[in-house]
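Given next are the chains, with one letter for each unit.
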Amino acid sequence: MTIAATEEQNPMPGNGLSLPAFSLAMPETDERPLIFASPHSGREYPDHFRDSLRVPLLDLKQTEDAYVDQLFANAPLYGARLLKATYARSFVDLNRDAREIDASMFHGDPPGPVAVPTVRVEAGLGCFPRIGARGEFIYAKKLDPADGRARLDFVHTPYHEALTAEIAALRQKHGCAVLIDCHSMPSTQPGRPDLPDFVLGDRFGSSCTGQLTSLVERTLRKAGFSVVRNAPYAGGFTTRKYGRPKQHVHALQIEINRRLYLDEAQVTAIDAMAALSHQLDGLMENISELSNRLRP
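In this text, all values refer to a predicted model and were calculated from it rather than measured experimentally.

Moving on: the pairing of strand β3 (residues 34–38). Counting buried positions along β3 gives 5 out of 5 residues, so the element sits mostly inside the fold. Relative to strand β4 (residues 81–85), β3 runs parallel, the two being bridged by 4 bridges. Bridged to F36 within β4 is L82.

Spelled out as structure tokens, the structure:
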């Protein structure tokens, strides 16, 4: 299959941000009701953000889903759209509700409405992360609410407006939409020394048809990978917000163990990344074929 892809970007932001919030790669032919999204692989750290840090930048880069956008870069070859975040998750986390804000991080009023604190917010991992890879507070001082509002207005909101619009367009054209939310996870965690190669999050069966989760699990196991469902990641804000299988919108989160393709300490790709990317091409092809069969 040979399919050309075009790449679109949202309008240039303001408030000192020099790059668009996302890029969107589109297939030109043989389109499927399918979109891959990579909200945590952004690598842009604005200068004013860097100036506010009290930790090395590497501490934040180690929290990125580094190169995940590249692992799924061939999605348009299989008729899928590919939405990629530009800015780093430590700048603003696109897989969080915009109301998951720790108000204590800001001078005066918070930058927007604040929901009841979640476990993630209390752990320092809200929409504006408070901690880095080593668990240390990343900022040298409290943040200006205007800075927080700009991150929401020019990064978080445009990304989710784009994702909402693309899902709606696919659903209108094809009668359904399949969203694969692409992430990576550290190879070890406190209390979890031996994480599997992949974790599939479908909100315990509520965010997508079981056909999708089973297909992905079966394909990965056949390729020799270890796979579990919903532990320790059942799907985040994106999966919860968009997954509506009764309305023919299916959302599945895929977490890839970073040991498969990354030097985690230096956040650099290792040779095995090429082989993993090839195996993920096969997975995307299978998902693409299933998405066509899910049309009502």
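Between its first and last C-alpha atoms helix α6 (residues 210–222) spans 18 Å; for 13 residues at 1.5 Å apiece the expected length is 18 Å, and the two agree. Among all positions in α6, only L212, T213, L215, V216, E217, T219 and L220 are buried. Following α6 by one or two positions, G224 has its phi on the positive side, about 100°.

This part covers the pattern of salt bridges. Note on pairing: side chains with opposite charge can pair once their charged atoms come close. One pass over the structure, following the stated rule, counts 19 salt bridges. Where D97 meets R99, a salt bridge forms, and the shortest distance between an N and an O atom there is 2.8 Å. Its relative accessible area of 15% is what places D97 among the buried residues. The salt bridge partner of R134 is E136, with a shortest N-O separation of 3.6 Å. Connected through shared salt-bridge partners, D65, R89, D93, R96 and R258 make up one network.

Cut-offs used in this document
- Residues numbered from 1 in each chain as written.
- Predicted model: local features only at pLDDT ≥ 70, side-chain atom pairs only at ≥ 80, totals over all residues.
- Heavy atoms only, no water.
- Buried < 20%, exposed > 50% of the residue type's maximum accessible area, 1.4 Å probe, protein only.
- Helix = DSSP H or I, 4+ residues; strand = E, 2+ residues; numbered from the N terminus.
- Pairing = 2+ DSSP bridges.
- Expected span 1.5 Å × (residues − 1).
- Salt bridge = Lys/Arg side-chain N within 4 Å of Asp/Glu carboxyl O.

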